[in-house]
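Examining the three-dimensional arrangement
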Amino acid sequence: MIYFDQNTRLIHLSTPRTSYLMKVTADGYLGHVYYGKRLEKAPSQDLLRLEELSEPSEKPGEKVSFLDNLPFEYPTAGVGDFRESCLDISSNDNVRGIELFYKGYQIRNTKPEIKGLPASFDLSDSDSETISITLSDDIRQIEVELNYTVYSDLDVITRWAVIKNCSNKAFYIDRALSMCIDAELDDYSVLYESGAWAREHQIQFQKVKPGTIVTESVKGESGHESQPFLGLISSDCSEESGEAYGFSQVYSGNFLGKVSTNSFGMSRIVLGIHPENFRWKLLRGESFYTPEVLMTYSDAGLGQMSRTFHKFIHDHIIRSVWKDRQRPILVNNWEATYLDFDDKKLISILSKAKESGIDMLVIDDGWFRKSKSEPEGGLGDWVPVDNKLPEGLKPVSEAAIQKGMKLGLWFEPEMISEDSELYRSHPEYVLSFPGRRPAECRNQWMLDFSNPEVLELIYEKIAAQIKENNLSYIKWDMNRPICDAYSHFLPADRQGEVYHRHVLGVYQIQERLLKEFPWLLIENCSSGGARFDCGMLYYSPQIWTSDDMDPIERLSICEGTELIYPVSTMGAHVCKNRNDISGRNVSFDTRGLMAMAGTFGYELDITAISEEDISKIPAQIRLRKRLNDLVNKGDYYRIKSYRRRVDGPVGGISGNADCFELISEDRSEAALWFMQPLAEPNQRSIRIKTKVLSPDFRYRVIAVTSADAYFDRNSEGRILDISGIRGEELNNAGLCLKLPREDFTGILIMIEKC
């Protein structure tokens, strides 16, 4: 998988279908040569164009021209490369500039630890190879170790850097990105995601041309508006053909992704921790680790890129014991009650849930707040309030145990209220600039997670509730961005570390929780999907996708999420009939079917909905459990998109339908989720072409508009049931499907080998 040619000093990383090439030049610079479709032989050409550029040892009078044009593997600032840099370092007397030269390498069969950070992991001793390339600046006495891990089973290469202070005095890291690739992108577009609260993860394309394209977050989280992800796609790229590169960072804080293209058509792609508000003091002998970046290349379109990411994240990022298990079917009380509930109301929901076959009650925000008219208190104390829960959570916990149900609880551990005992005792725990009242958001402030005392206190508060109330699940939320980022714990010259230390603190607490409670199911959340990234998936197998549960609005939200992340990671609930965010009315049947493409649960007052809807819950739960293996491990194929074309250039316009398929590895079964947002007059049946069914298998196809119709052949919701149809016919000729004449109709198509 990794080969270093000692004669040419060419480094070749190879996966089953891709190659990544670097070269050490005669002067000791590390250049980027190639990343793309697998090369079986080393290039015979000088792809670095060293004869054109002339190294500084040959033409010292043209060193700046050389440095500003060489495709660097890890560019540095201040010495002649005026493009985007990965590394910038300064000293106390503001001396800057760093120039890195090759010193050596090491290849190992085990993946090194990335200290303090989530990262991909091996499944076995022979699963991967890692090359660590040491570069150094002997004048500054700084070493940079560039690490690249190649996995044997997938077309993924991961990379990160370790910056080491080998001098006898401290210096400051002002920029430490994880990845750089210099490439000539002829007729390519940048793929990224934008969004806002309730409409996260919207796929965007922008043509590469001279100038700069940026995706970023400086809010202390990956954000509603962006994703720590960059893609590059050829002009002919579709779901099934064309070239696609994907780069995803395993990190949950401020990030910068940038594609800068010069007038010669050379693009520099970088991804890493955002340098804004970042300055890390590195003492003598210390090392700083950058987050890992996952890189993949596909010559078979966006679909192959997505499936590679899905498989890799499932196998090499998610660690939870719940990864492939049937997770508890839950009911969350948030949109059922908001802040207006007491223990009697919770127990009534619990009782009705038990009757319906639901496994768990999750108590959301409000169990520590006085009332809906006083929503601003209690954050940081995490103590049940007397007027709602006079005996604490004990009566609810005991009722859950008595009924054989699980209990979950919502926390927002990074926040503190002014009206809290914690603030009255420790105002210094709040992030705030000296002499200035910190800005509130949602009536709350940020705790200082760079302070070990704060981390210990918050951990103990959460652990106490888990133990006292027999919790099986926690929902970890973050409902505001970080500002006023000044720590009263850190010294003045370490204030640039606040944002990064905050993320490290979140990781530290969640890691500790999983070590003490290995069976605990964590669902991460940030006002919906504002912290949906590989960093959080390392600790929780699922993340709340969006506060908007309207199945129509979720079409583009989920499509953007599924571009990178497995379907099994998406938190999905059945919402109210009239959605509280969009105001749209969607049938209980459609809401149920669409939520099955995710973790599945309910977020409505099941004590108040109609008996007809209540009667449908057991069949919905039964069908979701039938789908569990497909949702957790099925291969994902996008067939139709409500927002964009999938059968041609990816930036085009779609029609009035959305459809994707999950298929088992052995091709014995598949499920297609189809949504018709608007019915059309005088409409003929549509034809849906399935993906990669085994051509010679014969299948039974059942299409339903309700869960009960899958189990009852006489149900009106069963709109198609045919047996003996060959896979090659379904793949090539397609499946004819007559659509109901009704807006907002979801259809589940089950395909099972006869």
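Look up: the structure comes first, before these words.
The sections below set out a description of the structure shown in this document.

Rules and cut-offs
Residues numbered from 1 in each chain as written. Predicted model: local features only at pLDDT ≥ 70, side-chain atom pairs only at ≥ 80, totals over all residues. Heavy atoms only, no water. Helix = DSSP H or I, 4+ residues; strand = E, 2+ residues; numbered from the N terminus. Rg over C-alpha atoms; globule rule 2.2 N^0.38 Å. Buried < 20%, exposed > 50% of the residue type's maximum accessible area, 1.4 Å probe, protein only. Contact = heavy atoms within 4.5 Å. Areas by Shrake-Rupley, 256 points an atom, 1.4 Å probe, with all protein chains shown as cover. Lys, Arg positive; Asp, Glu negative; His and termini not counted. Charge placed at Lys NZ, Arg CZ, Asp CG, Glu CD. Salt bridge = Lys/Arg side-chain N within 4 Å of Asp/Glu carboxyl O. Pairing = 2+ DSSP bridges. Axes fitted to C-alpha atoms, helices over the stretch in contact; angles between N-to-C directions. Phe/Tyr/Trp six-rings, centres within 6.5 Å; stacked < 30°, edge-to-face > 60°. Lys NZ or Arg CZ within 6 Å of the ring centre and 35° of its normal. Right-handed = clockwise from strand over helix to strand, strands pointing away. Core = buried A, V, L, I, M, F, W, Y, C linked by side-chain atoms within 4.5 Å. Disulfide = S-S within 2.5 Å. Polar contact = N/O pair within 3.5 Å; in protein donor to acceptor, adjacent residues only side chain to side chain.

Here's the deal with the overall build of the protein
Helix and strand counts for the protein stand at 16 helices and 38 strands. Over its C-alpha trace the protein gives a radius of gyration of 27 Å, about what one expects of a compact globule, namely 27 Å for 754 residues. Principal-axis analysis of the C-alpha atoms gives the protein an extent of 85 × 70 × 45 Å. When burial is assessed residue by residue, the protein has 63% of its 754 residues classed as buried. Relative to all contacts within the protein whose residues are 6 or more apart in sequence, the contacts with residues 24 or more apart total 70%. Total accessible area on the protein is roughly 27900 Å²; 46% of this is exposed by carbon and sulfur atoms. Of the charged side chains in the protein, 88 are positive and 113 negative; the average position of the first set lies 2 Å away from that of the second.

Here's the deal with the pattern of salt bridges
Note on pairing: side chains with opposite charge can pair once their charged atoms come close. Counted by the stated rule, this structure contains 55 salt bridges. For the salt bridge of Asp 155 with Arg 17, the shortest nitrogen-to-oxygen distance reads 2.9 Å. Placement of the pair is Asp 155 in the loop between strand S8 (142-151) and strand S9 (156-165) and Arg 17 in the loop between strand S2 (10-14) and strand S3 (18-24), with a sequence separation of 138 residues. Look at Asp 155 and you get buried, because its relative accessible area is 3%. Among the charged side chains, a network of salt bridges with common partners joins Asp 68, Asp 81, Arg 83, Asp 182 and Arg 268.

A look at the sheet that holds strand S32 (residues 658-663)
A sheet is described by the order of its strands in space; here six strands give the open sequence S31-S32-S33-S38-S35-S36, paired in antiparallel fashion. The strands lining the two open edges of the sheet, one partner per strand, are strand S31 (635-640) and strand S36 (718-726). Neighbour-to-neighbour, the strand axes of this sheet turn through a mean angle of 15 degrees, independent of strand direction. Direction of pairing for strand S35 (residues 698-704) relative to strand S38 (residues 745-753): antiparallel, over a ladder of six bridges. Each residue of the ladder has a partner; that of Arg 700, found in S38, is Glu 752. Helix H12 (residues 588-595) rests against strand S33 (669-676), S35 and S38 of the sheet, and its axis sits at about 50 degrees to S38.

Comments concerning the packing of aromatic side chains
What the rule picks out here adds up to 36 aromatic pairs. Both rings, one in Phe 660 and one in Trp 673, keep their centres 5.4 Å apart while their planes meet at 10 degrees; by these two values the pair is stacked. With a gap of 13 residues between them, Phe 660 in strand S32 and Trp 673 in strand S33 connect regions that are remote in the sequence. Taking relative accessible area as the criterion, Trp 673 reaches 1% and is therefore assigned buried. Through a chain of ring-to-ring contacts, the aromatic side chains of Tyr 20, Tyr 35, Tyr 148, Tyr 188, Tyr 245, Phe 247 and Tyr 297 assemble into a single cluster. Stacked on the ring of Trp 544, the Lys or Arg Lys 475 has its end atom at 5.2 Å from the ring centre.

Details of the pairing of strand S26 (residues 473-476)
Side chains of S26 alternate between two faces, with Tyr 473 and Lys 475 and Ile 474 and Trp 476 buried alike. Two strands pair when backbone bridges link them, and strand S23 (residues 406-411) and S26 are joined in this way by four bridges, in the parallel orientation. From the neighbouring strand, Gly 408 faces S26, where its bridge partner is Tyr 473. Note: S26 against strand S27 (residues 521-524), four bridges, orientation parallel. Looking at S27, one finds that Ile 474 is bridged to Ile 522. As for the winding sense of the linkage, the β-α-β connection from S26 through helix H9 (residues 498-516) to S27 is right-handed.

Focus: the environment of Pro 75
Note that Pro 75 resides in the loop between helix H2 (63-67) and strand S5 (87-90). C-alpha separation for the pair Pro 75 and Arg 436, spaced 361 residues apart in sequence, amounts to 39 Å. Pro 75 has contacts with Asp 81, Glu 84, Ser 85, Cys 86, Leu 87, Cys 180 and Arg 268, leaving out every residue within four places of it along the chain.

Some details on H12
A large share of H12 lies buried, amounting to eight of its eight residues. Every buried residue of H12 is accounted for by Phe 588, Asp 589, Thr 590, Arg 591, Gly 592, Leu 593, Met 594 and Ala 595.

A few points about the nonpolar core
The biggest cluster of nonpolar side chains holds 192 residues, and the ones touching the most others in it are Ile 163, Ile 173, Phe 247 and Trp 673. Setting aside chain neighbours within four positions, we find Ile 173 in contact with Leu 87, Asp 88, Ile 89, Ile 163, Phe 278, Arg 279, Trp 280, Leu 282 and Phe 288.

What about unusual backbone geometry?
Located in the positive-phi region is Arg 9, a residue other than glycine, with phi close to 60 degrees. With respect to the helices, strands and loops of the structure, Arg 9 is situated in the loop between strand S1 (2-5) and S2. Take Arg 9: its relative accessible area is 25%, and that puts it in the partly exposed class. For Trp 382, which is not a glycine, the phi torsion comes out positive at approximately 55 degrees. Here Trp 382 shows up in the loop between strand S22 (360-363) and helix H6 (394-402). Overall, Trp 382 belongs to the buried group, its relative accessible area being 2%.

Digging into the sheet that holds S1
Strand order across the open sheet formed by four strands is S1-S2-S3-S4, with antiparallel pairing between neighbours. Among the strands making up the open sheet, the edge pair consists of S1 and strand S4 (30-37). For this sheet the average axis-to-axis angle between neighbouring strands, irrespective of direction, equals 15 degrees. Pairing of S2 with S3, which is carried by five bridges, proceeds in the antiparallel orientation.

Some remarks on helix H11 (residues 553-562)
A large share of H11 lies buried, amounting to nine of its 10 residues. The complete set of buried residues in H11 reads Arg 554, Leu 555, Ser 556, Ile 557, Cys 558, Glu 559, Gly 560, Thr 561 and Glu 562.

Some details on the state of the cysteines
According to the stated counting rule, one finds zero disulfides in the structure shown. Considering cysteine sulfurs only, Cys 558 is the nearest to Cys 659, which forms no disulfide, with 14 Å between them. Given the relative accessible area of 0%, Cys 659 is considered buried.

Some remarks on the side chain of Ser 136
Following the sequence through the fold, Ser 136 ends up in strand S7 (residues 128-137). For Ser 136, a relative accessible area of 3% puts it in the buried group. Looking at Ser 136, its side chain comes within polar contact range of the side chain of Asp 138, at 3.2 Å. If sequence neighbours within four positions are ignored, Ser 136 has contacts with Glu 99, Leu 100, Phe 101, Lys 103, Ile 142 and Glu 143.

As for the side chain of Thr 705
Relative to the assigned elements, Thr 705 resides in the loop between S35 and helix H15 (708-711). With relative accessibility at 16%, the residue Thr 705 sits in the buried group. Look past the residues within four positions of Thr 705 in its chain and what remains in contact with it is Asp 589, Leu 593, Gly 717, Ile 719, Pro 740, Thr 745, Gly 746 and Ile 747.

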